[in-house]
Amino acid sequence: MKILVCVTSVPDTITKITLTDNNTKLNKAGVQFITGPYDDYALSRAVELKEQQGGTVTVLNVGEADAEPVIRKCLAIGADDAIRVNAEPTDAYFVAEQIAAVARENSYDLILMGRESIDYNGGQVHGIVGEMLGIPSISPVMKLDIEGSTAKITREIEGGHEDLEAGLPLVLGCQEPIAEWKIPNMRGIMTARTKKLTVVEPAGKDTLTQISSYELPPARGACKMIPAEEAETLIRLLRTEAKVI
Amino acid sequence: MSVLIFAELEEGAIKKSSLEAIYYGSKVAEQTGTTATALVLGEGSTDELAKAGRFGATEVLHASDARLNEGNALAYASVVAEAANQEGANIIVLAKSSLADSMAARLAGKLKAGLAANVIELPDLSGGFRVKRSIFTGKAFAITELTAEKKILAIKKNTITPEETDATAPVEAFSPVLNDTDFVVKVTNVEKATGDILLPEADLVVSAGRGLKGPENWGIVEDLAKALHAATACSKPVSDLDWRPHHEHVGQTGIKISPNLYIACGISGAIQHLAGVNSSKVIVVINKDAEAPFFKSADYGIVGDVFDVLPRLTKAVKEL
């Protein structure tokens, strides 16, 4: 089985977002970049499937050279090789075009990625890739098993989940608890250094959206503390002051 | 030409978030000098669908084919694309949801449309088509220009306050072509909590964390939620421990919610948890640890034992 896992390089979840260049850019100074947490789940499940059933796992990132530490970490976790499309991931359509171009050349059985990237939270790329390749896309996937050429999938829905069956190939947007996150071991880190990382130039240049500026949310006011012995006062304040109940 | 709104049904009724989307779509129609058409898929009564008129739609298209009763993102995307072509709609509006997100992504690919997700305000049409959307799970906003001819706006829940009128909208049957290729994913089983208030749609949410000490203690959380007509939620550790189902987990890797009121009980408030709830309008934190970081992001706080405080709050709500 040939699996392609698409990963994003995103600011760590604990990052405090700040802006620069007159609020037209995110300030990258001092920001730690990590593999997108949802992508990490996708990669971990891909490596598990490879260990069970054989095959290969290729990691794909659309990004500039500064994304390479994240790609190397994915290789250390167990991916066999990697492709970096050398371009700034400007919008979902552009990224999807790159993934679809790589997929057309290599015909994968499964294309996995996170349900969304945690920077722009668009959650579109899997659907657009599926549409471009003319194959089904399913998201958010919380369980994935492969039996022969059939995928058995559990997808989260509002207030519950549904079980699905579909033939391969498929594009899946993944989330927990599809697998436990894997932490690279020393051997993985050593072998990752020599695994193949191919850099290719972008296939298309269509972008359909463009960010003109950024804003930060206003700070919340001070927290009004209510003594525990007067807890009932809270309910009165929620009605008369906050007017939410 | 019109603005097309994809409105979702939940047990035969138009979802609250979809009513917000219809209202939003009608305002965009006003801005662009056109009308708003709502599209509803699956089984629903004409009376219920006509409700779209009260929120600004001037017409409702209803595709009632039984194959559309199941929320199928691939088939829905094809139907919405066909309706958009029929109506000459270049702007499509929908409310974010598990189904609508998957549908919108396919639709964006089909129509080569620019898609802005988590939109929180009406577009700014002075020089282009710009929307403000929430990014970094609520930690920032991006003013985004949609440069393609076709545009899809996925509205974040509970950020648009609709105004209701007594207008009605005619409901017209819409019979799209259904392709077998959109029905290749088979649904073998569905498990869904019934009768409860759906967390992503809830105005009020009572949430609890490890401070509750065990799943057997959830009664006091459910009692307060019930008294308030609120949904229940939980933190990631609680879902990881299987004390509560994953669809109740709010946070960075769980569900993102934006209710009017979020009451956090025994949750310390790690930044990853805040990411799921920081767009709540009012946040209440109840924690016995006065140093819990969550108090810094709260509007009201009580330093106290949840096992003492929650039953008293429930009693106070019942006495309102």
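Residues numbered from 1 in each chain as written. Chains lettered and ligands numbered in written order. Predicted model: local features only at pLDDT ≥ 70, side-chain atom pairs only at ≥ 80, totals over all residues. Heavy atoms only, no water.

Under an unreviewed UniProt entry, the name given to chain B is Electron transfer flavoprotein subunit alpha/FixB family protein, and the source organism is Larkinella terrae. Of chain B, the UniProt comment under Sequence similarities (unreviewed entry) reads exactly: "Belongs to the ETF alpha-subunit/FixB family." (UniProt positions renumbered as here; feature names shortened; annotations may be inferred.)

Looking at an unreviewed UniProt entry, one finds chain A named Electron transfer flavoprotein subunit beta, with Larkinella terrae as its source organism. What the UniProt record of chain A gives under Sequence similarities (unreviewed entry) is the line "Belongs to the ETF beta-subunit/FixA family."

Enquirer: What's the story with the interface of chain A and chain B in this structure? I'm lost.
Expert: When the parts come together, some accessible area is lost, and that loss is often what is quoted as the size of the interface. The partner chain B presents 88 residues to the 77 residues of chain A that form the contact. With both chains or domains summed, chain A and chain B bury close to 7,000 Å², and 56% of this area falls on carbon and sulfur atoms. Taken together, the connections running from chain A to chain B amount to ten salt bridges. Among the elements of the structure, helix H1 (37–53), helix H4 (125–133), strand E9 (137–147), strand E10 (150–157), strand E11 (160–167), strand E14 (209–215), strand E15 (224–225) and helix H6 (232–240) of chain A are those that each provide at least two residues to the side of chain A that touches chain B. (Contact = heavy atoms within 4.5 Å. Buried area = accessible area lost by both parts, 1.4 Å probe. Salt bridge = Lys/Arg side-chain N within 4 Å of Asp/Glu carboxyl O. Helix = DSSP H or I, 4+ residues; strand = E, 2+ residues; numbered from the N terminus.)

Enquirer: What exactly am I supposed to notice about the state of the cysteines here?
Expert: In protein structure, a disulfide is the covalent linkage between the sulfur atoms of two cysteines. One pass over the full model with this rule turns up zero disulfides over all chains. Between Cys6 of chain A, a cysteine without a disulfide, and Cys174 of chain A, which holds the nearest cysteine sulfur, the sulfur-to-sulfur distance is 10 Å. As a non-bridged cysteine, Cys265 of chain B has Cys234 of chain B as the owner of its nearest cysteine sulfur, 12 Å distant. The exposure class of Cys265 of chain B is buried, given its relative accessible area of 0%. (Disulfide = S-S within 2.5 Å. Buried < 20%, exposed > 50% of the residue type's maximum accessible area, 1.4 Å probe, protein only.)

Enquirer: Could you clarify how one ought to interpret the domain arrangement of chain B in this entry?
Expert: All names here are of chain B. Per the domain assignment, the segments making up chain B are domain 1 (2–183) and domain 2 (199–318). The straight-line distance from the C-alpha centre of domain 1 to that of domain 2 is 31 Å. The interface of domain 1 with domain 2 comprises nine residues on the first partner and twelve residues on the second. With both sides pooled, the region where domain 1 packs onto domain 2 buries about 930 Å², and carbon together with sulfur makes up 35% of that total. (Domains from an automatic or database assignment.)

Enquirer: Looking at this structure, I do not really get the UniProt feature "domain: Electron transfer flavoprotein alpha/beta-subunit N-terminal" (unreviewed entry) in chain A. What am I missing?
Expert: In this numbering, the UniProt entry assigns the feature "domain: Electron transfer flavoprotein alpha/beta-subunit N-terminal" (unreviewed entry) to residues 23–207 of chain A. This span, residues 23–207 of chain A, is 31% helix and 32% strand, and a straight line between its end C-alpha atoms measures 21 Å.

Enquirer: Before we go on, may I ask you to explain helix H4 (residues 98–111) of chain B in this structure?
Expert: All names here are of chain B. Helix length check: H4, at 14 residues, gives a terminal C-alpha distance of 20 Å against a target of 20 Å (1.5 Å per residue), a fit within 8%. With 13 of 14 residues buried, H4 is to be regarded as a mostly interior element. Directly after H4, the chain includes Lys112, whose backbone phi takes a positive value near 50 degrees. (Expected span 1.5 Å × (residues − 1).)

Enquirer: I'm lost on the UniProt feature "binding site: FAD" (unreviewed entry) in chain B in this one. Help?
Expert: Residue and element names in this part refer to chain B. Mapped onto this numbering, the UniProt entry annotates "binding site: FAD" (unreviewed entry) at Arg210, Gly266, Ile267, Ser268, Gly269, Ala270, Ile271, Gln272, His273 and Asn287. As for the lining of the second largest pocket, the annotated residues named previously contribute Gly269 and Ile271. Relative to the helices and strands, Arg210 resides in the loop between strand E13 (204–208) and helix H5 (219–228). When its relative accessible area of 54% is taken as the criterion, Arg210 is described as exposed. Once residues within four sequence positions are removed from consideration, Arg210 is found in contact with Ser235, Pro237, Val238, Leu241, Trp243 and Gly266. Classification of Ser268 as partly exposed rests on a relative accessible area of 41%. Ignoring sequence-local partners within four residues, the contact set of Ser268 consists of Asn287, Ala292, Pro293 and Phe294. (1 Å grid on protein atoms, 1.4 Å probe; cavity = no way out; pocket = protein on both sides within 12 Å on 5 of 7 lines; lining within 4 Å.)

Enquirer: Which parts of the structure should I look at to understand the sheet that holds strand E13 (residues 197–200) of chain A?
Expert: Neighbouring strands of a sheet are bound in pairs by backbone hydrogen bonds; such pairs are parallel or else antiparallel. Taken together, ten strands build an open sheet; the order of strands is E13(A)-E7(A)-E6(A)-E1(A)-E8(A)-E12(A)-E9(A)-E10(A)-E11(A)-E12(B) and the sheet is mixed. Edge strands, defined here as strands with exactly one partner in the open sheet, are E13 of chain A together with strand E12 (186–192) of chain B. The sheet shows a mean angle of 25 degrees between the axes of neighbouring strands, direction not considered. Relative to the sheet, helix H3 (residues 92–106) of chain A contacts strand E1 (2–6), strand E6 (56–63), strand E7 (81–86) and strand E8 (110–114) of chain A, its axis offset from that of E6 of chain A by approximately 150 degrees. (Pairing = 2+ DSSP bridges. Axes fitted to C-alpha atoms, helices over the stretch in contact; angles between N-to-C directions.)

Enquirer: It is not clear to me how the sheet that holds strand E15 (residues 261–265) of chain B should be interpreted in this structure. Could you clarify?
Expert: Ordered by their spatial adjacency, six strands build an open sheet running E15(A)-E17(B)-E16(B)-E15(B)-E13(B)-E14(B), and the pairing between neighbours is parallel. Of all the strands in the sheet, just E15 of chain A together with strand E14 (231–234) of chain B have a single pairing partner and so form its edges. Lying on the sheet, H6 of chain A is in contact with E15 of chain A together with E15, strand E16 (282–287) and strand E17 (300–303) of chain B; it crosses E17 of chain B at an angle near 175 degrees. Along the sheet, helix H8 (residues 306–318) of chain B makes contact with E15, E16 and E17 of chain B, crossing E16 of chain B at roughly 135 degrees.

Enquirer: For this particular structure, what's the right way to read the nonpolar core?
Expert: General note: in soluble globular proteins, nonpolar side chains tend to be found buried as a group. Within the largest apolar cluster, 59 residues are counted, with the highest numbers of intra-cluster contacts made by Ile99 and Ile111 of chain A together with Leu39 and Ile152 of chain B. The contact partners of Ile152 of chain B, leaving out residues within four places of it in the chain, are Ile92, Leu94, Ala104, Leu107, Ala108, Ala113, Gly114, Leu115, Ala116 and Leu146 of chain B. (Core = buried A, V, L, I, M, F, W, Y, C linked by side-chain atoms within 4.5 Å.)

Enquirer: Looking at this model, I keep getting lost on empty space enclosed by the protein. Mind explaining?
Expert: Under the defined criterion, the tally for this structure stands at five cavities of 30 Å³ or more. Lining the largest cavity are 28 residues; nearest its centre among them are Arg115 of chain A together with Lys96, Asp101, Ile255 and Lys256 of chain B. Contributions of two or more residues to the lining of the largest cavity are made by E10 of chain A together with H4 and helix H7 (271–277) of chain B. With three residues, H7 of chain B is the largest single contributor of residues to the lining of the largest cavity. Here the lining of the largest cavity is composed, by residue class, of seven nonpolar, twelve polar and nine charged. (Points joined across faces, edges and corners; volume = space filled by probe spheres on them. Nonpolar A, V, L, I, M, F, W, Y, C, P; charged D, E, K, R; others polar.)

Enquirer: Whenever I open this one, the pairing of strand E5 (residues 59–63) of chain B confuses me. Can you help?
Expert: Each regular strand shows side chains that alternate between the opposite faces of the sheet. Residues and elements named next belong to chain B. Among the five residues of E5, five are classified as buried, and the element is accordingly described as predominantly covered. On E5, burial covers both faces: Glu59, Leu61 and Ala63 on one face and Val60 and His62 on the other are all buried. Where strand E4 (residues 35–41) meets E5, five bridges bridge the pair, whose relative direction is parallel. Bridge pairing in E5 places Leu39 opposite Leu61.

Enquirer: So what exactly am I meant to see when it comes to the environment of Ile14 of chain B here?
Expert: Residue and element names in this part refer to chain B. Tracing the chain through its elements places Ile14 in strand E3 (residues 13–14). For Ile14 and Val80, which are 66 residues apart along the polypeptide, the C-alpha to C-alpha distance reads 16 Å. In this structure, Ile14 is in contact with Ala7, Glu8, Leu9, Leu19, Ile22, Glu48, Leu49 and Ala52, ignoring residues within four places of it in sequence.

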